[in-house]
There are 2 protein chains.
Amino acid sequence: MSDAAFAPTEKTRIRRLNKRAVWDREAVYGVLDAGLACHVGYVIDGQPYVTPTAYARVGDRVFWHGSSASRMLRRLAEGVPVCFTVSLLDGIVHARSGFHSSFNYRSVMAFGEAAEVSDPDAKAQALEAIVERITPGRWADLRPMTDQELKATKVLSLELEEVACKIRDGGPNDDEEDYALPIWAGEVPIRMVMDEPVDDERLADGIAQPAYLKDTRLG
Amino acid sequence: MSDAAFAPTEKTRIRRLNKRAVWDREAVYGVLDAGLACHVGYVIDGQPYVTPTAYARVGDRVFWHGSSASRMLRRLAEGVPVCFTVSLLDGIVHARSGFHSSFNYRSVMAFGEAAEVSDPDAKAQALEAIVERITPGRWADLRPMTDQELKATKVLSLELEEVACKIRDGGPNDDEEDYALPIWAGEVPIRMVMDEPVDDERLADGIAQPAYLKDTRLG
């Protein structure tokens, strides 16, 4: 599937605040490519679980990974329905009333059945994508992956087909009569930053911090 | 319930990487009090949904809110099982192998049935807690809430009883033989910051930014 826009479905039709809905595929990919961690929702015996984890988008799929021993990943590999959510907080919106106060945010919810990636090459490519997503340039520096490590890692993917995306930005939307009130209103922008990298205590002698660390992508 | 520690259950027993598990109630509350947004997982007709939203902890409960018209909140008010998750990213852990690379993070998963808060005073207190959680001092400045707004807002709460918490910090844990490799390893700490507040375009004349904005709590 490579349409320019996602089609709303019963699950993804955004019932409320429809003006915040985003259907354009490139815009949705922009949000997915900005997130560092996703929250994967799944169900075991009627009980929902929500697990935060690293991920990457490649084309029209997202990939995430974990231990082959993990309960979540074993379950997901069976092809159960998942909700793959990425949300980014961009600001605190101070309206003149609590009712209209809000966050600015970008969020994506993707629905479908997760599929296990079992082909070793495809698996290795997905793991490379996850590493490179966060720190472009890192993969080439790493000690190469062993067959045993590849076996001990489960990789799951979800096709981006049924997707809801919402973006809120800008200042508050107050009730018309509230604009005259002597109350400060506006937005406090928030974002992630990185601090100085910290060398591992057991770093071998004479190893400098790689230049690519400054390219770390925080969203 | 006010024990000093949460008791592991079948759902919360942390099967993997058990050294990262945290059971102390105050430590878990510390993580919950540091988060700005939660991810609430719930199930409709076998389909999991994961919704990011604002929240606050008050005592041994967490509270979140939304429109009375919201599908999620109507469903949750019926007392269905939820998974309430808060996760905070604290750093990128660069090990010498991809296999041992990781995030530093703090995460909480709480399980139970959400209850609707219907008493108007309790509802107002929960909404105040959510506002004050993010920006202490803001609630007193806001235009007071109307009965109609209170009616249009649904507030849900979850007792913190069945809780799993994991915290990872520090540098990488590499395979012993990898420490000698000429590969940089360490941690890139990450955190949220706020930028300069932006006045609403329609701000009434002569209103300065309140001093309490600098106390905004980003976790």
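If you're wondering where the values come from, they're calculated on a predicted model, not measured in any experiment.

Draft legend 1. Here's a closer look at the relation of the copies chain B and chain A. Its rotation angle being 180 degrees, the transformation that places chain B on chain A also includes 0.0 Å of axial translation and leaves an RMSD of 0.0 Å. What the superposition gives is, in effect, a two-fold axis relating one chain to the other. Scanning chain B for the C-alpha nearest the rotation axis identifies B:Met192, at a separation of 2.2 Å. Most of the interface of chain B is mirrored in chain A: 100% of its interface residues are interface residues there too.

Draft legend 2. A look at the interface of chain B and chain A. The partner chain A presents 81 residues to the 81 residues of chain B that form the contact. Listed by contribution, the elements that provide at least two residues to the side of chain B that touches chain A are strand 2 (37-44), strand 3 (47-58), strand 5 (81-94), strand 6 (102-113), helix 3 (120-134), strand 10 (186-194) and strand 11 (198-199) of chain B. With two bridges joining them, strand 11 (residues 198-199) of chain A and strand 10 of chain B adopt antiparallel strand pairing. Bridge pairing in strand 10 of chain B links A:Asp199 to B:Gly186.

Draft legend 3. Inspection of helix 3 (residues 120-134) of chain A at higher detail. With 15 residues, helix 3 of chain A should cover 21 Å at 1.5 Å per step; its first-to-last C-alpha distance of 22 Å lies within 8% of that length. Listing the buried residues of helix 3 of chain A in full gives A:Lys123, A:Ala126, A:Leu127, A:Ile130, A:Val131, A:Arg133 and A:Ile134. Seen end-on, helix 3 of chain A carries its buried residues on one side only, within an arc spanning 165 degrees. Contacts from the buried residues of helix 3 of chain A go to strand 3 (47-58), strand 4 (61-67), strand 7 (115-117), helix 4 (147-151) and strand 8 (153-159) of chain A together with strand 5 of chain B.

Draft legend 4. Summary view of the pairing of strand 8 (residues 153-159) of chain B. Residue and element names in this part refer to chain B. With six of seven residues buried, strand 8 is to be regarded as a mostly interior element. As paired elements, strand 4 (residues 61-67) and strand 8 share seven bridges and run antiparallel to each other. When the bridges of strand 8 are listed, histidine 65 appears paired with valine 155. Of the strand pairs in this sheet, strand 7 (residues 115-117) and strand 8 are connected by three bridges, and their pairing is antiparallel. When the bridges of strand 8 are listed, alanine 115 appears paired with serine 157.

Draft legend 5. Quick peek at the pairing of strand 3 of chain A. All names here are of chain A. A large share of strand 3 lies buried, amounting to nine of its 12 residues. Examined bridge by bridge, strand 2 (residues 37-44) and strand 3 share eight bridges and lie antiparallel to one another. Note on strand 3: the bridge partner recorded for valine 40 is threonine 51. Connecting strand 2 to the next strand, strand 3, in antiparallel fashion are two residues, including aspartate 45 with a positive phi near 50 degrees. Sheet topology places strand 3 next to strand 4; four bridges connect them, and they run antiparallel. Considered in strand 4, the bridge of valine 58 is made with arginine 61. Counted between consecutive antiparallel strands, the loop separating strand 3 from strand 4 contains two residues, among which glycine 59 sits at a positive phi close to 60 degrees.

Rules and cut-offs
- Throughout this document, residue positions are counted from 1 along each chain, in the order its sequence is written.
- Each chain gets a letter, beginning with A, and each ligand a number, beginning with 1, in the order they are written.
- A pLDDT threshold of at least 70 governs which residues receive local features in this predicted model, and a stricter bar of 80 or more applies before side-chain atom pairs are shown or counted, although totals over entire chains, interfaces and linings include all residues.
- Least-squares superposition of the copies uses the C-alpha atoms of those residues scoring a pLDDT of at least 70 in each of them.
- In this description, a residue-residue contact is defined by the distance between C-beta atoms placed from the backbone, which must lie within 7 Å.
- Secondary structure elements follow DSSP: runs of H or I no shorter than four residues count as helices, runs of E no shorter than two count as strands, and numbering proceeds from the N terminus.
- For two strands to pair, DSSP has to find at least two bridges joining them.
- In this analysis, the expected span of each helix is defined as 1.5 Å times one less than the number of residues it contains.
- Whether a residue is buried, exposed or partly exposed is read from the other C-beta atoms within 10 Å of its own C-beta, which are placed from the backbone; 20 or more gives buried, 12 or fewer gives exposed, and intermediate counts give partly exposed.
- What the arc covers is the set of directions going from the helix axis to the C-beta atoms.

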